[in-house]
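What the coordinates show
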Amino acid sequence: MEALQPVRGTRDILGEDQRRFAHVAGTARHTAELYGFDEWSTPIFEDTRVFARTLGDTSDVVTKEMYTFQDRGGDSLTLRPENTAGICRALVTAGLTQSLPQKVFYAGPMFRYERPQKGRYRQFHQIGAELIGAPEPLADAEVMALGWHILGGLGLTADVMLELNTLGDTPSRDAYRRALVAYFEGHKSALSADSQDRLARNPMRILDSKDEGDRTIVGSAPTIGAYLTDEAAGFYETVRTHLAGFGVPFRENPRIVRGLDYYSHTAFEFVTTRLGAQGTVMAGGRYDGLVAEMGGPPTPAVGWAAGIERLSMLLAEAPQPPAAVAVIPLGERAEATAVTLLQKLRHANIRAEIAYRGNMKKRMERANKLGARAVVIIGDDEAARGVAAVKDLATGTQVEVALEDVARSLSV
Ligand code: ATP
Ligand code: MG
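Computed from a prediction, not measured in an experiment: that's the story for all the values here.

Another point: the packing of aromatic side chains. Using the criterion set out here, one finds six aromatic pairs in the structure. A centroid spacing of 5.7 Å and a plane angle of 75 degrees characterise the contact between Y67 and Y113, whose relative ring orientation is edge-to-face. Highlighted residues: Y67 in strand β3 (residues 67–70) and Y113 in the loop between β5 (102–111) and β6 (123–132), separated in sequence by 46 residues. Overall, the relative accessible area of 24% leaves Y67 in the partly exposed class. Residues Y183 and F184 carry aromatic rings whose centres are separated by 5.2 Å and whose planes lie at 70 degrees to one another, so their mutual orientation is edge-to-face. The pair Y183 / F184 is uniform in exposure class, with both members buried. Of the aromatic side chains, those joined through ring pairs into one cluster are W148, F268 and F270. When the ring centre of Y113 is taken as reference, the NZ or CZ atom of R122 above it lies at 3.9 Å. Over the ring of Y236 we find R240; its NZ or CZ atom is 4.2 Å from the centre of that ring.

Structure below.
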């Protein structure tokens, strides 16, 4: 029979890959806790309007990338392409808009119908942080500091750089948008078809284009600096001052805009040169309009999301599980004793395995293959005397140990 394959753009995450994943998520979870963030989980699918309303009609995610389907009851549902909208929906659902700020961490799968390539999948995984209810620029700096701290915990600060920009407030952005439209209109025929489309609908997104020809034109486009109101410029300056205070190095990049439409003020990406075209590992910004879009009161917020796959690829080595102890019974009586001992070891927090079959030689080979640090050999004679032979595989020393002392002798 034909072997079935995983769906295009999805993949199995096994063994070593899963250890990388767990290390990324675990490091992030632990660090987020140090910054006072609490973990939330929201459903993987939501009412399509949760995303259609909030991601903006012009974002690539909504126009091209969503997995939307009708369920058996006729409701339009969407597999979440990101988690910020779901978190804001949950905040409103739980009535927490009166208990601000809320500092939320999440980790889980997201789904986007994209062209699969290295670092880009249709089911991928994100960690993310949202600081909801704080209008202060200190909040922007603190969520970036959390991101930087996590990257540090993963040993990646030498590989990743924070690129920072501001999208200003509404008056700044309106003035800038007019200047951009005037500039791009002058180069319209040279723009890619996608960017010509963006020119009409969301001209700032052209700055984010990955098309080579577009990038040349974008290179000489006006930047937002000259269009910032005093207030927006002051906000941005305070963000930079606090970033320095948190000890987070950054580079200003006026081309950073976010793919989703709900951002204002701070926009940032942590980027690496080690992953080719998929160089953004963590991205975020301020999204003051989103909670209101969910039917809540106007609520300022700032946050980021990071791709676990991309961070995992950057890890130098997959974390290893602790080396095991192999228990080797020889004989029937010994097997019962070995099982009891095996459980004692596990309850003492020692990774322990038992080989099911084979002679002494086979079982020793198996222990070596496991990378065991020690073997515990129990024959019928040892079992009768209440002892075991404990052999340290690193040194080769073998000693006889009373069964009740084996766990202690192997504790590290
Ligand atoms: P890109 O420009 O790479 O498409 P994006 O702007 O769509 O990214 P965000 O929506 O900001 O990405 O998501 C945050 C992070 O999630 C990205 O920086 C990336 O690390 C990761 N990510 C996004 N889409 C994918 C995907 N299809 N596969 C794997 N990781 C992804
Ligand atoms: Mg994308």
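Here the focus is the pattern of salt bridges. According to the stated counting rule, one finds 19 salt bridges in the structure shown. Between R120 and E114 there is a salt bridge; the shortest N-O distance is 2.9 Å. Just as R120 is buried, E114 falls in that class too. Counted as one network, the salt bridges with shared partners bring together D140, R286 and D288.

Counting residues in hydrophobic clusters, the biggest one holds 44 residues, and the most contacted among them are I132, L180, F184, L207 and Y287. Broken down by element, the residue count for this core peaks at five residues, all from helix α4 (residues 84–93). Formed by 43 residues, the second largest nonpolar core is a distinct cluster that contains A129, A134, V281 and A306.

Moving on to the sheet that holds strand β10 (residues 280–286). Strand order in the open sheet formed by eight strands is β1-β5-β6-β11-β10-β9-β7-β8, with mixed pairing between adjacent strands. The open sheet has two edge strands, β1 (38–39) and β8 (250–252), and neither has a second partner. Taken together, the two bridges between β1 and β5 define a ladder with parallel strand orientation. Its bridge partner being in β5, E39 is matched across the sheet by F105. Set on the sheet, helix α1 (residues 15–34) makes contact with β1, β5 and β6; between it and β5 the angle comes to about 165 degrees.

By nearness alone, 16 residues border ligand 1, and R112, E114, Y121, K210 and R258 come closest of all. Protein coverage of the free-state accessible area of ligand 1, which is 590 Å², stands at 91%. Elements represented by at least two residues in the shell around ligand 1 include exactly β6, β10 and β11 (301–307). For the shell around ligand 1, the leading source of residues is β10, giving four residues. Classifying every residue of the shell around ligand 1 by side-chain character gives six nonpolar, four polar and six charged.

Rules used throughout
Residues numbered from 1 in each chain as written. Chains lettered and ligands numbered in written order. Predicted model: local features only at pLDDT ≥ 70, side-chain atom pairs only at ≥ 80, totals over all residues. Heavy atoms only, no water. Phe/Tyr/Trp six-rings, centres within 6.5 Å; stacked < 30°, edge-to-face > 60°. Helix = DSSP H or I, 4+ residues; strand = E, 2+ residues; numbered from the N terminus. Buried < 20%, exposed > 50% of the residue type's maximum accessible area, 1.4 Å probe, protein only. Lys NZ or Arg CZ within 6 Å of the ring centre and 35° of its normal. Salt bridge = Lys/Arg side-chain N within 4 Å of Asp/Glu carboxyl O. Core = buried A, V, L, I, M, F, W, Y, C linked by side-chain atoms within 4.5 Å. Pairing = 2+ DSSP bridges. Contact = heavy atoms within 4.5 Å. Axes fitted to C-alpha atoms, helices over the stretch in contact; angles between N-to-C directions. Near = heavy atom within 4 Å. Areas by Shrake-Rupley, 256 points an atom, 1.4 Å probe, with all protein chains shown as cover. Nonpolar A, V, L, I, M, F, W, Y, C, P; charged D, E, K, R; others polar.

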